[in-house]
Amino acid sequence: MTIATQDFEIRPFDAALGAEVVGLDLSTPLSTSDFQRIHRAHLDHHVVVFRDQRITPAQQIGFSRRFGPLQIHVLDQFQLPGHPEVLVVSNVLEAGKPIGLGDAGRFWHSDLSYKEKPSLGSLLHARELPAEGGDTLFANMHAAWASLPVDLQRKVEGLRAEHTYLARYAELQARSPWRPNLTPEQIAQVRPVLQPVVRTHPETGRKALFVSEHFTTRVVGIPEDESRALLAELFAHSVKPQHVYRHQWQPHDLVFWDNRALLHLAAGTPDHLRRVMYRTTIEGDVPA
Ligand code: SIN
């Protein structure tokens, strides 16, 4: 069966990154040429916002899978029933119990950088949006690398840093109902890993800083105080306003970002307003 090509536009944002796709319907399979256009836009703009997607979780999973195998989040408590590939990101409590991970993205991070194979990309679908708040910020780590002073570039290139899921877990657990105690099986899934401080994007060949305030705990091979100061300097530089795009969600947006090129942050939602999002993550390569 031949799949018809759709008539859609890709409009870059006037920002450090990002583009919106208007007129594309992801509830039907994409033709090869449409898929290639989207793939290219994702590499060029790092965040692609598909407007007005009335898709089911199964359709989100199907589209996400075209980019690679999907990853299952360690917090299996927040899987969408019947769809373990979907992590529910939500601040909603039902009968006092969280229906999803309410503080996902509370600190700047790249998804699953604490795994040997971090996420290539993530897709977040807006199911229910608050009347105010709930924005997501993205920082361009290629731009962060390119604008780093040359002496600092020389200093960090070739260094490796530890990434740990548990780095700020206790801190998050102390302030919210969304962080259950982890079982020994869950802890075994998130052993610390070493990642390059500067990675090369496997598809574009562009360099990017690859450290985050959420998961990066130390740079290996240098004294601890030096490592702390270096990471603080790199974090502060990475998220300077000129590197950042702030996404204000519209109903039914599906946002697809490139974790190999970006950090992201959830700005937060007022407690009395509901926000429900479905996230899929695609496995990437071993960073180099
Ligand atoms: C995330 O970090 O995946 C969640 C981002 C958001 O909820 O805006």
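Before reading further, recall that the structure is shown in the block above.
Let us now look at unusual backbone geometry. Residues other than glycine seldom take positive phi values, yet histidine 46 does so here, at roughly 75°. Under the relative-accessibility criterion, histidine 46 is labelled buried at 3%. In this structure, alanine 95 is a non-glycine residue whose phi angle is positive, near 50°. By the secondary structure assignment, alanine 95 is in the loop between strand S6 (93-94) and strand S7 (97-98). With a relative accessible area of 86%, alanine 95 lands in the exposed category.

Picture the strands of a sheet paired through backbone hydrogen bonds; they go either parallel or antiparallel. Across the sheet, 8 strands lie side by side as S1-S2-S3-S16-S8-S18-S5-S4; this open sheet has mixed pairing. Strand pairing shows two members of the sheet lacking a second neighbour, strand S1 (9-12) and strand S4 (79-80), which therefore form its edges. Bridge count between S4 and strand S5 (residues 83-90): 2 bridges; the pairing is antiparallel. Looking across to S5, one finds that glutamine 79 is bridged to leucine 87.

Here we come to the packing of aromatic side chains. One pass over the structure, following the stated rule, counts 12 aromatic pairs. Here the aromatic rings of phenylalanine 63 and phenylalanine 256 are separated by 6.5 Å at their centres, their planes lie at 75°, and the arrangement is edge-to-face. Taken together, the positions of phenylalanine 63 in helix H2 (residues 57-65) and phenylalanine 256 in strand S16 (residues 254-258) put the pair 193 residues apart, joining distant regions of the chain. Judged by centre distance (5.7 Å) and plane angle (50°), the rings of tyrosine 165 and tyrosine 169 are tilted. With respect to burial, tyrosine 165 and tyrosine 169 carry one shared label: buried. Grouped by ring-pair contacts, the aromatic residues Phe35, Phe50, Phe63, Phe67 and Phe256 constitute a single cluster. Just above the ring of phenylalanine 8 sits the side chain of arginine 37; from NZ or CZ to the centre is 4.1 Å.

The 3 strands are arranged S15-S9-S17 in an open sheet whose pairing can be described as antiparallel. Unpaired on one side and paired on the other, strand S15 (244-247) and strand S17 (262-266) mark the two borders of the sheet. If you compare each strand with its neighbour and ignore which way they point, the axes differ by 20° on average. Note that strand S9 (residues 136-140) and S17 share 5 bridges and pair antiparallel. The residue of S17 that forms the bridge with leucine 137 is leucine 265.

Another point: the pairing of S5. Among the 8 residues that make up S5, 6 are buried, leaving the element largely enclosed by the rest of the structure. Linking S4 back to S5 in an antiparallel pair, the connection comprises 2 residues, with glycine 82 at a positive phi of about 85°. Where S5 lies against strand S18 (residues 276-283), 4 bridges are found, and the strand directions are antiparallel. Among the inter-strand pairings, leucine 87 is bridged to a residue of S18, identified as arginine 279.

Next up on the list: the pattern of salt bridges. Scanning all chains against the criterion turns up 18 salt bridges. Here arginine 51 ties to glutamate 20 by a salt bridge, and the two come within 2.7 Å at their closest N and O atoms. Here the residue arginine 51 occupies a position in the loop between strand S3 (47-50) and H2, and glutamate 20 occupies one in strand S2 (residues 19-22), the gap between them amounting to 31 residues. The partner of aspartate 52 in a salt bridge is arginine 54, and the shortest N-O contact between them spans 2.9 Å. According to the relative accessible area criterion, arginine 54 is exposed, its value standing at 57%. Look at the salt bridges and you will find they share partners, linking Glu9, Arg11, Glu20, Arg51 and Asp253 into a network.

Quick notes on the rules
Residues numbered from 1 in each chain as written. Predicted model: local features only at pLDDT ≥ 70, side-chain atom pairs only at ≥ 80, totals over all residues. Heavy atoms only, no water. Buried < 20%, exposed > 50% of the residue type's maximum accessible area, 1.4 Å probe, protein only. Helix = DSSP H or I, 4+ residues; strand = E, 2+ residues; numbered from the N terminus. Pairing = 2+ DSSP bridges. Phe/Tyr/Trp six-rings, centres within 6.5 Å; stacked < 30°, edge-to-face > 60°. Lys NZ or Arg CZ within 6 Å of the ring centre and 35° of its normal. Axes fitted to C-alpha atoms, helices over the stretch in contact; angles between N-to-C directions. Salt bridge = Lys/Arg side-chain N within 4 Å of Asp/Glu carboxyl O.

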